[in-house]
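As a plain string of letters, each chain reads:
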Amino acid sequence: MRGVTVAASTVWEILKDASIDPAPERSATTWASFCIPRPGRCWRGFLETVTLTGARMYVLAVTEHRTRRIRVLAATARHTAAWVTQAARNLLMDLQDAGCRARFLIRDRDGKFPGLFDAVLADSGIQAVLTGVRMPRMNAVMERWVQTCRRELLDRPLVWNQRHLLHALREFETFYNEHRPHQGIANARPLKPLPPPISEPDQIAHLNIRRRQRLGGILNEYEHAA
């Protein structure tokens, strides 16, 4: 009909009654949303994703609060107590190789963490600190990385299997630690300092930017040519 003005609230009510999302969300379906069409997904200690075959994979990672460095420990389809405990040992070896020391490890109360997980950390002087029930802000730095990993990596490619997932996570780990700037540390990178600023007007007017692609262009790194 012509000449009839419909209020925006009326349109919203119609869409809501029909369980239809607004246009931006309706046109931006991600692979993860397609594979797991259920609301209320949340991260409870393990980052979960689904492969192309429908297999559910569990990823265990940790991050250093001061530097924002991420460490992807392992990924598996079966999160047994032995696997989680071995992941703790792998973390301790990584810290030893890097010459780092940690006093606390913040984790949630997920039942996937066995008692031996905390015991292995305690033997090396690391105390496990449990977050409160339904209080993700107590581990906000890690929750933020999970969101970033989903948005910039896992929601974009089609993951075939565990080997493909680990390859993608290793590439993202390198990109995240060595190239991606972080606002929480003044736009620096966890493993590389900020490049010196360009102050010469001629250099600013004639910038030579090079791009390096990872994972077929899913991740892009930009830098000034030498």
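Residues numbered from 1 in each chain as written. Predicted model: local features only at pLDDT ≥ 70, side-chain atom pairs only at ≥ 80, totals over all residues. Heavy atoms only, no water.

### A closer look at the packing of aromatic side chains
This is how the line gets drawn: Pairing of aromatic side chains here covers Phe, Tyr and the six-membered ring of Trp, requires ring centres within 6.5 Å, and sorts the geometry by plane angle: under 30 degrees stacked, over 60 edge-to-face, intermediate tilted. A run of H or I in DSSP counts as a helix once it spans at least four residues, and a run of E counts as a strand once it spans at least two, with each numbered from the N terminus. The cut-offs for exposure are 20% and 50% of the maximum accessible area for each residue type, with area from a 1.4 Å probe on protein chains only; residues under the lower value are buried, those over the upper are exposed, and the others partly exposed.
Tallying each qualifying case throughout the model produces six aromatic pairs. For the pair Trp-145 and Phe-172, a centre-to-centre distance of 6.5 Å together with 50 degrees between the ring planes defines the contact as tilted. Of the two residues, Trp-145 sits in helix α6 (residues 140-154) while Phe-172 sits in helix α7 (residues 162-178), which places them 27 residues apart along the sequence. Relative accessible area serves as the criterion here: at 1%, Phe-172 is assigned to the buried category.

### As for the pattern of salt bridges
Threshold: The salt bridge definition used is simple: a Lys or Arg side-chain nitrogen within 4 Å of an Asp or Glu carboxyl oxygen.
The full count for this structure, using the stated rule, is nine salt bridges. A salt bridge links Arg-151 to Glu-152; its shortest N-O distance comes to 3.7 Å. The exposure class assigned to Glu-152 is buried, which follows from its relative accessible area of 17%. Salt-bridge contacts for Arg-170 lead to Glu-173; the nearest nitrogen and oxygen are separated by 3.3 Å. In this pair, Arg-170 and Glu-173 both sit in helix α7, three residues apart, roughly one turn of the helix. By relative accessible area, which is 36% here, Arg-170 ends up partly exposed.

### Description of a nonpolar patch on the surface
Put simply, the test is: The patch calculation keeps residues exceeding 30% relative accessible area without a salt bridge and links them within 9 Å when they carry like charges or within 5 Å when they are nonpolar (Val, Leu, Ile, Met, Phe, Trp, Tyr). Methods summary: accessible areas were calculated by the Shrake-Rupley approach with a probe of 1.4 Å, and residue burial reflects only the protein chains presented.
Together, Ile-198, Ile-204, Leu-207, Ile-209 and Tyr-222 make up an exposed nonpolar region whose accessible area comes to about 460 Å². Here Tyr-222 shows up in strand β7 (residues 219-224). A residue is classified by how much of its surface remains accessible, and Tyr-222, at 48% relative accessible area, is partly exposed.

### Looking at the pairing of strand β5 (residues 127-130)
Consecutive side chains along a regular strand alternate between the two faces of the sheet. Just so we agree on the cut-off: Any two strands with at least two DSSP bridges between them are considered paired. The handedness rule is simple: strands pointing away from the viewer, and a clockwise path from the first strand over the helix to the second, make the crossover right-handed.
As paired elements, strand β4 (residues 104-107) and β5 share four bridges and run parallel to each other. Each residue of the ladder has a partner; that of Ile-106, found in β5, is Val-129. In the classification by handedness, the crossover that spans β4, the intervening helix α5 (residues 115-123) and the parallel β5 is right-handed.

### Quick notes on the confidence of the model for the protein
Condition: What pLDDT conveys is the predictor's confidence in a given residue, as a value from 0 to 100. Contacts are assigned to residue pairs that have any heavy atoms within 4.5 Å of one another.
When pLDDT is averaged along the protein, the result is 83; 85% of the residues meet or exceed 70. Within the protein, α7 carries the highest mean pLDDT (96), whereas helix α3 (residues 31-35) carries the lowest (50). Below pLDDT 50 for its whole length, residues 34-44 participates in 16 contacts with residues either more than four positions away or in separate chains.

### Describing the side chain of Asp-110
The condition that has to hold: Two N or O atoms form a polar contact when they lie within 3.5 Å of each other; inside protein one atom must be a possible hydrogen donor and the other a possible acceptor, and for residues adjacent in sequence the pair counts only when both atoms belong to side chains.
By secondary structure assignment, the location of Asp-110 is in the loop between β4 and α5. Residue Asp-110 is classed as buried on the basis of its relative accessible area, which comes to 13%. A polar contact is formed between the side chain of Asp-110 and the backbone nitrogen of Lys-112, at a distance of 2.9 Å.

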